[in-house]
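Breakdown of the fold
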Amino acid sequence: MAQGLRKHRHCYYEVNSKYYYDNHRSCMVRNTHYECMICGHEYHEVSELSQGPPKEKSKSSVLEKNKNRHRHC
Ligand SMILES: [Zn+2]
């Protein structure tokens, strides 16, 4: 599996993510597609979405300011 690339730590950036219902887990899951910006190696992360109670109206909207970017560097 020679890739002709210098040894590096994959540096993933988020390409896209999709949500779908996983019948096996019986819950919604989020499949995030990452790609290494150096060699293009792909990586999929599947995380279950907790089916908590419907969103309450937050008292402070400060909590909403959550960066949507995930980096694995
Ligand atoms: Zn890489």
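Structure: above.
Just so it is clear, the model here is predicted, and its values are computed rather than measured. (Residues numbered from 1 in each chain as written. Predicted model: local features only at pLDDT ≥ 70, side-chain atom pairs only at ≥ 80, totals over all residues. Heavy atoms only, no water.)

1. As for the overall build of the chain
- Looking only at helices and strands, the chain has zero helices and three strands in total.
- Along its sequence from the N terminus, the chain presents helices and strands in the succession β-β-β.
- For the chain, the residues scored as buried account for 16% of the 73 residues in total.
- When contacts within the chain are restricted to residue pairs at least 6 apart in sequence, long-range pairs at least 24 apart make up 37% of them.
- In the structure as shown, the chain presents an accessible area of about 6700 Å², 50% of it carried by carbon and sulfur atoms. (Helix = DSSP H or I, 4+ residues; strand = E, 2+ residues; numbered from the N terminus. Buried < 20%, exposed > 50% of the residue type's maximum accessible area, 1.4 Å probe, protein only. Contact = heavy atoms within 4.5 Å. Areas by Shrake-Rupley, 256 points an atom, 1.4 Å probe, with all protein chains shown as cover.)

2. Structural notes on the pairing of strand E2 (residues 27-36)
- The buried fraction of E2 amounts to eight of the ten residues, a majority that puts the element mostly inside the structure.
- As paired elements, strand E1 (residues 12-22) and E2 share ten bridges and run antiparallel to each other. Each bridged residue has a counterpart across the sheet, and for Tyr21 the counterpart in E2 is Met28.
- What sits between E1 and E2 in their antiparallel hairpin is a turn of four residues, with Ser26 showing a positive phi close to 60°. (Pairing = 2+ DSSP bridges.)

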